[in-house]
Amino acid sequence: MTEKTEGTDSRLVKMIVFAVGEQEYCIPILSVREIRGFEKTTALPFAPHYVCGAINLRGVILTVIDLAVYLNIQPLADNPRRVVVIVESKNDTVCGLLVDRVIDMADIDLGDIQSVSEEGGSLNGLVLVNQRMIGVLRLETIVGQLVGDTVAE
């Protein structure tokens, strides 16, 4: 399918692709613990505006981030396909990401990611997959802001 040249940038990573509003994003599949249907969350007082609440996952209380609010995107209205992607960051923080729908999985060559001028932001870059522009999220930045970590790149 795709011929790879010898180089340090050429490394395939399996990513899960999901939609938030009309835009598609992806994160490494190895960061994903599970995907569950969206259920009513319990409100968390004094939480950041992008936190929609907490859920009980088999006895563990997890914070759920509404990615549409976090990324300042208009979510799809009356969407029964909304799901929570349970993720674990490199520092072992587990939380949920509320997305409009999961689309598929893709093998992303890290060398194909085009950087964006959003230094220190939540978007690592953009990549073209099957003629679709997909944003590559920095999971560590998103989760780090939730738990108050400073993320060094």
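Residues numbered from 1 in each chain as written. Predicted model: local features only at pLDDT ≥ 70, side-chain atom pairs only at ≥ 80, totals over all residues. Heavy atoms only, no water.

Enquirer: Would you mind going over the nonpolar core with me for this structure?
Expert: Side chains that are nonpolar tend, in soluble globular proteins, to be buried together. Phe-18, Leu-67 and Leu-137 are the most contacted members of the largest nonpolar core, which has 26 residues in total. Those elements giving two or more residues to this core turn out to be strand S1 (12–20), strand S2 (23–28), helix H1 (67–70), strand S6 (83–88), strand S7 (94–99) and helix H2 (139–147). The leading source of residues in this core is H2, at four residues. Beyond its immediate sequence surroundings of up to four residues, Phe-18 is in contact with Gln-23, Glu-24, Tyr-25, Cys-26, Ile-27, Leu-67, Val-99, Arg-101, Val-102, Ile-103 and Leu-137. (Core = buried A, V, L, I, M, F, W, Y, C linked by side-chain atoms within 4.5 Å. Buried < 20%, exposed > 50% of the residue type's maximum accessible area, 1.4 Å probe, protein only. Helix = DSSP H or I, 4+ residues; strand = E, 2+ residues; numbered from the N terminus. Contact = heavy atoms within 4.5 Å.)

Enquirer: Would you explain the sheet that holds S6 in this entry?
Expert: Pairing between sheet strands relies on hydrogen bonds along the backbone, with the strands arranged either parallel or antiparallel. A sheet is described by the order of its strands in space; here five strands give the open sequence S3-S6-S7-S5-S4, paired in mixed fashion. The sheet is open, and its two borders are formed by strand S3 (32–37) and strand S4 (51–57), each paired with just one other strand. Recorded for the sheet is a direction-independent mean angle of 30° between the axes of neighbouring strands. Sheet analysis places S6 next to S7, joined by six bridges and oriented antiparallel. Across the sheet, Ile-86 pairs through a bridge with Gly-96, a residue of S7. (Pairing = 2+ DSSP bridges. Axes fitted to C-alpha atoms, helices over the stretch in contact; angles between N-to-C directions.)

Enquirer: For this particular structure, what's the right way to read the packing of aromatic side chains?
Expert: Any two aromatic rings considered together are summarised by their centre-to-centre distance and by the angle between their planes. Scanning the entire structure with this criterion turns up one aromatic pair. Summarising the aromatic geometry, the rings of Tyr-50 and Tyr-70 are spaced 4.9 Å apart at their centres and angled 90° between planes, so their arrangement reads as edge-to-face. Of this pair, Tyr-50 sits in the loop between S3 and S4 while Tyr-70 sits in helix H1; the two residues are 20 residues apart in sequence, bridging distant segments of the chain. Overall, the relative accessible area of 14% leaves Tyr-70 in the buried class. (Phe/Tyr/Trp six-rings, centres within 6.5 Å; stacked < 30°, edge-to-face > 60°.)

Enquirer: What am I meant to see in the pattern of salt bridges here?
Expert: Opposite charge on two side chains allows them to pair when their charged atoms are near. Counted according to the given criterion, the structure contains nine salt bridges. When the shortest N-O distance is used, the salt bridge between Glu-39 and Arg-36 registers 2.8 Å. Residue classification places Glu-39 among the partly exposed positions, given a relative accessible area of 28%. For Arg-82, the salt bridge goes to Asp-66, with nearest N and O atoms at 3.4 Å. Placement of Arg-82 in the loop between H1 and S6 and of Asp-66 in strand S5 (residues 60–66) is noted, with a sequence separation of 16 residues between them. Per residue, the accessibility class of Arg-82 equals that of Asp-66, and both read buried. Several salt bridges converge on common partners, so that one network encompasses Glu-34, Arg-36, Glu-39 and Arg-58. (Salt bridge = Lys/Arg side-chain N within 4 Å of Asp/Glu carboxyl O.)

Enquirer: Teacher, can you tell me more about the side chain of Ser-89 here?
Expert: Position of Ser-89 among the secondary structure elements: in the loop between S6 and S7. Residue Ser-89 is classed as buried on the basis of its relative accessible area of 4%. When neighbours within four sequence positions are excluded, Ser-89 is seen to be in contact with Glu-140 and Val-143.

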